[in-house]
Amino acid sequence: MPELPEVETYRRFLNEVLLDQTITALEVQDAHVLAVEEDVLRQALVGRTITGTSRLGKNCFLQLDSGQVLVWHFGMTGDVGAYRDGPDAPRFTRVALHLSSGLRVAFVDPRKFGRIRLAESVEQYRQAKKLGPDALDITAEQLQHKLSKRKTILKPLLLDQSITAGLGNWIVDEVLFQARIHPERVAQTLSTREFEDLHTAIQLVLHTAIGHEATYRDFPASFLIHAREWDDSATPGTDQHRFCPRHSDTEIAKSYVGGRATYTCPHCQAAD
DNA sequence: GTCGATGTTAGCAC
DNA sequence: TGTGCTAACATCGA
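What you see is a predicted model, and the numbers here were worked out from it, not measured in a lab. (Residues numbered from 1 in each chain as written. Chains lettered and ligands numbered in written order. Predicted model: local features only at pLDDT ≥ 70, side-chain atom pairs only at ≥ 80, totals over all residues. Heavy atoms only, no water.)

A. Region of interest: the pattern of salt bridges. Summed over all chains, the structure comprises 13 salt bridges. One salt bridge connects R55 with E8, and the closest N-O pair in it is separated by 2.9 Å. Note that R55 is positioned in strand β2 (residues 50–56) and E8 in helix α1 (residues 4–18), a separation of 47 residues in sequence. The pair formed by R55 and E8 is uniform in burial state, with each residue classed as buried. Between R42 and D39 there is a salt bridge, with its nearest N and O atoms 3.9 Å apart. Pair noted here: R42 and D39 are both in helix α2 (residues 38–45), with a separation of 3 residues, about one helical turn. In this structure R42 comes out as partly exposed when scored by relative accessible area, which is 28%. (Salt bridge = Lys/Arg side-chain N within 4 Å of Asp/Glu carboxyl O. Helix = DSSP H or I, 4+ residues; strand = E, 2+ residues; numbered from the N terminus. Buried < 20%, exposed > 50% of the residue type's maximum accessible area, 1.4 Å probe, protein only.)

As structure tokens, this is what we get:
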């Protein structure tokens with residue numbers, strides 16, 4: 001379920017197990033997730049030491065002592081894992097790094113939309129992918145500058161990784177709910193105050209999600225996320241989670257905006 | 001068997 | 001060049 005908070009959580013885990021480790025072998029169970037030739041990747045990795053980790057948007061970077069960077073993008077269903085023996089590999093492990101510590105670190109991805117790449121630097125990758133500033137770093141002013149002349153609806157713009165990197169479908173819904181802004185508002189029509197609200201909401205949602213290691217059921221009751229169908233924290237048999245956290249008599253609406261499933265509170269988020 | 005899915009990218013028509 | 005829409009990717013799980 002990797003959006004920025006999940007990727008940050010994965011990065012912290014990878015930093016724990018990978019830092020200063022030397023890669024002793026590259027295990028490829030399904031080359032589909034490789035966006036670089038397997039032999040080229042093996043040549044670049046085996047014998048190298050990981051000197052640091054970083055993240056930009058939904059991308060996780062593993063810095064190699066060669067200067068190159070290993071880039072992990074988790075697609076829709078990517079995850080990480082660690083194990084010691086072959087048979088213990090998590091289900092859907094596609095690629096694993098064998099480490100000098102004896103541990104093996106898995107790139108797990110059931111639906112195989114994730115990708116492993118090699119880049120010359122984070123900056124080179126950022127430019128190649130045209131990634132905007134990380135959603136945790138972008139300021140209200142930058143956000144306003146990038147959006148205030150756009151004549152299209154807000155939600156697809158917030159999902160656009162070249163405007164700001166890291167926001168995905170559920171986070172954008174949560175951010176817009178917290179900021180009390182409708183996803184189909186034309187970006188150009190937002191006031192400075194609303195851009196500030198948007199920025200505040202981005203900070204709130206991302207910091208909350210990272211603080212809970214992206215475990216949704218632990219999020220505050222004030223969050224819209226509990227209304228998403230895959231949230232199972234509500235007591236079975238009740239529909240409590242289908243209602244707005246702020247208006248217990250208002251049912252959360254599901255629609256499609258820019259082709260993506262979108263949840264809103266009709267009461268909090270006026271259409272215009 | 002059917003449907004929808006958290007991300008990204010290409011293609012097409014304006 | 002910007003925009004909006006759709007499909008495709010591969011597969012699972014409800």
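B. Representation of α2 in the model. What α2 keeps buried is the set L41, A44 and L45. The buried residues of α2 occupy one face: seen down the axis, they fall within an arc of 90°. Relative to its buried face, α2 has exposed residues pointing more than 90 degrees away, namely D39 and Q43. Of the surrounding secondary structure, the elements contacted by the buried residues of α2 are β1 (23–28), β3 (59–64), β4 (69–73), β6 (93–99) and β8 (115–119). Just past α2, the residue G47 takes up positive phi, approximately 95°. (Arc of directions from axis to C-beta. Contact = heavy atoms within 4.5 Å.)

C. Local environment of the sheet that holds β8. Taken together, 4 strands build an open sheet; the order of strands is β2-β3-β4-β8 and the sheet is antiparallel. The open sheet is flanked by β2 and β8, the only strands paired with a single partner. Shown here is a sheet whose adjacent strand axes are inclined to one another by a mean of 20°, direction ignored. In terms of strand pairing, β4 meets β8 through 5 bridges, oriented antiparallel. (Pairing = 2+ DSSP bridges. Axes fitted to C-alpha atoms, helices over the stretch in contact; angles between N-to-C directions.)

D. Spatial organisation of the sheet that holds strand β7 (residues 104–108). Taken in spatial order, the 4 strands make up an open sheet running β1-β6-β7-β5, and their pairing is antiparallel. Each edge of the open sheet carries a strand with a single partner, namely β1 and β5 (79–83). Strand-to-strand, the axes of this sheet are offset by a mean angle of 20°, without reference to chain direction. Running over the sheet, α1 touches β5, β6 and β7 and is turned about 25° from β5. In the packing of α2 onto the sheet, contacts are made with β1 and β6, and the angle to β1 comes to roughly 165°.

E. Inspection of the protein's contact with DNA strand C at higher detail. Lining the immediate surroundings of DNA strand C are H32, R91, F92, P110, R111, K112, F113, R150 and T152. A share of 65% is what sugar and phosphate atoms reach among the atoms of DNA strand C within 4 Å of the protein. H32 is positioned with one of its side-chain polar atoms (N or O) 2.8 Å from a phosphate oxygen of DNA strand C. Looking at side-chain class alone, the surface near DNA strand C contains 3 nonpolar, 2 polar and 4 charged residues. (Near = heavy atom within 4 Å. Polar contact = N/O pair within 3.5 Å; in protein donor to acceptor, adjacent residues only side chain to side chain. Nonpolar A, V, L, I, M, F, W, Y, C, P; charged D, E, K, R; others polar.)

F. Geometry of the domain arrangement of chain A. Parsing chain A into structural domains produces domain 1 (4–128) and domain 2 (140–264). For domain 1 versus domain 2, the separation of C-alpha centres amounts to 30 Å. In this assembly, 8 residues from domain 1 lie in contact with 13 residues from domain 2. Each partner contributes to the roughly 840 Å² buried at the junction of domain 1 and domain 2, and carbon and sulfur atoms together form 69% of this total. Linking domain 1 to domain 2 there are 0 salt bridges. The interface formed by domain 1 and domain 2 contains 3 residue pairs in polar contact (both at pLDDT 80 or more). Tallied by class, the residues present in the side of domain 1 that touches domain 2 amount to 2 nonpolar, 2 polar and 4 charged. (Domains from an automatic or database assignment. Buried area = accessible area lost by both parts, 1.4 Å probe.)

G. Geometry of the packing of helix α4 (residues 140–147) against helix α7 (residues 192–211). Contact geometry for α4 and α7: axes closest at 9 Å, N-to-C directions at 120°. On the basis of the axis angle, α4 is oblique to α7. Viewed along their axes, α4 and α7 form a crossing whose handedness is right-handed. Seen from α4, the contacting residues are A140, L143, Q144 and L147; seen from α7, they are T192, F195, E196, L198, H199 and I202. Across the contact of α4 with α7, the residue classes tally to 6 nonpolar, 3 polar and 1 charged. (Parallel < 35°, antiparallel > 145°, perpendicular 65-115°, else oblique. Left-handed = near helix turned anticlockwise from the far one by under 90°.)

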